[in-house]
Amino acid sequence: MSDSSPVSPAVPVLDVWCELQCPDCRTALDDLRALRARYGDRLELRLRHFPLEKHKHAFAAAQAAEEAAVQGQGWAYVEAVLGRLGELDRRGEELLIDVARELGLDAEEFDTALIDGRHILIVDADQAEGKAIGVTGTPTYVIDGERLDGGKSQEGLRERVEEIADRLLAGARAD
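For clarity, every value in this text was computed on a predicted model and none was experimentally measured. (Residues numbered from 1 in each chain as written. Predicted model: local features only at pLDDT ≥ 70, side-chain atom pairs only at ≥ 80, totals over all residues. Heavy atoms only, no water.)

Draft legend 1. Representation of the nonpolar core in the model. Grouped together as the largest cluster of nonpolar side chains are 42 residues, with contacts concentrated most on Leu14, Leu20, Tyr77, Leu82, Leu96, Phe110 and Tyr141. It is helix 1 (residues 23–39) that provides the largest number of residues to this core, a total of 6 residues. With 5 residues, the next largest nonpolar core counts Trp17, Phe50, Val135 and Val142 among its residues. (Core = buried A, V, L, I, M, F, W, Y, C linked by side-chain atoms within 4.5 Å. Buried < 20%, exposed > 50% of the residue type's maximum accessible area, 1.4 Å probe, protein only. Helix = DSSP H or I, 4+ residues; strand = E, 2+ residues; numbered from the N terminus.)

Draft legend 2. View of the packing of aromatic side chains. Taken as a whole and judged by the stated rule, the model has 1 aromatic pair. The interplanar angle of 35 degrees and the centroid separation of 5.2 Å between the aromatic rings of Tyr77 and Phe110 together place this pair among those described as tilted. In this pair, Tyr77 is assigned in helix 3 (residues 74–82) and Phe110 in helix 6 (residues 107–116), connecting sequence segments 33 residues apart. Lying across the ring of Trp75, Arg36 places its NZ or CZ 5.2 Å from the centre. (Phe/Tyr/Trp six-rings, centres within 6.5 Å; stacked < 30°, edge-to-face > 60°. Lys NZ or Arg CZ within 6 Å of the ring centre and 35° of its normal.)

Draft legend 3. View of the environment of Gln63. Along the chain, Gln63 turns up in helix 2 (residues 58–70). Taking the C-alpha atoms as reference points, Gln63 and Val123, 60 residues apart in sequence, are found 6.7 Å from one another. If near-sequence neighbours (up to four positions away) are discounted, Gln63 is found in contact with Ala113, Leu114, Gly117, His119, Ile120 and Val123. (Contact = heavy atoms within 4.5 Å.)

Draft legend 4. Looking closely at the side chain of His49. As for its placement among the helices and strands, His49 is situated in strand 2 (residues 44–49). Of the residues examined, His49 reaches a relative accessible area of 2% and is grouped as buried. For His49, the contacting residues outside a window of four places in its chain are Trp17, Cys18, Ala62, Ala65, Glu66, Val123, Asp126 and Gln127.

Draft legend 5. Up close: the pairing of strand 2. In this structure, strand 1 (residues 13–18) lies alongside strand 2, joined through 6 bridges in parallel fashion. Across the sheet, residue Val13 finds its bridge partner in strand 2, namely Glu44. Assessed by its sense of winding, the connection that carries the chain from strand 1 through helix 1 to strand 2 is right-handed. (Pairing = 2+ DSSP bridges. Right-handed = clockwise from strand over helix to strand, strands pointing away.)

Draft legend 6. The arrangement of the pattern of salt bridges in detail. The full count for this structure, using the stated rule, is 23 salt bridges. Of the charged contacts, one joins Asp98 and Arg91 as a salt bridge, the two residues approaching to 2.2 Å between their closest N and O atoms. Its salt-bridge partner being Asp98, residue Arg101 comes within 2.9 Å of it at the nearest N-O pair. Residue Arg101 and its partner Asp98 are both found in helix 5 (residues 93–102); the two are separated by 3 residues, about one turn of the helix. Connected through salt bridges with shared partners, the residues Arg84, Glu87, Arg91, Glu94, Asp98, Arg101 and Glu102 form a single ionic network. (Salt bridge = Lys/Arg side-chain N within 4 Å of Asp/Glu carboxyl O.)

Draft legend 7. Up close: helix 5. The complete set of buried residues in helix 5 reads Leu95, Leu96, Ile97, Asp98, Val99 and Ala100. At its buried positions, helix 5 is contacted by helix 2, helix 3, helix 4 (85–91) and helix 6. Of the residues one or two after helix 5, Gly104 is the one with positive phi, at around 80 degrees.

Draft legend 8. Region of interest: the environment of Gly86. Relative to the helices and strands, Gly86 is located in helix 4. Separated by 11 residues in sequence, Gly86 and Ile97 have C-alpha atoms that sit 16 Å apart.

This is how it looks when you write it as structure tokens:
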């Protein structure tokens, strides 16, 4: 017997290639907040890591963001760290652990995660995939196979993401 209930369409995914020491990524937070407000759970925003060599704490910050996601506060953690770029430059991993504590996360687990490297493979895989699809800087967005580079200019990017998301959502309703 077959189930005749309608299958819910897949939610469009916006991959956000980000680096937590990147001033342009901090600027992009306003667009990401606006997209979350507009689409809610109809658009999945997925953080992808692309730490740049020029920022010495970016790789550790990416690992810390993964630990925050495991503990249920991924985006809140990303926003908090991006809001304190100068402090991250000066304090490094100490700030990453302090931010976890401030958000009520298990700071000891963050410290352990940074020591044991449990999230390195995720960060490495994101970075490798980013390079493979042509990501060269952050923020870079990918939605429906289209890559939008926000590292040079973020002008018009949110509107372009909305245009694609609206088309994908309209197509999903038409099925």
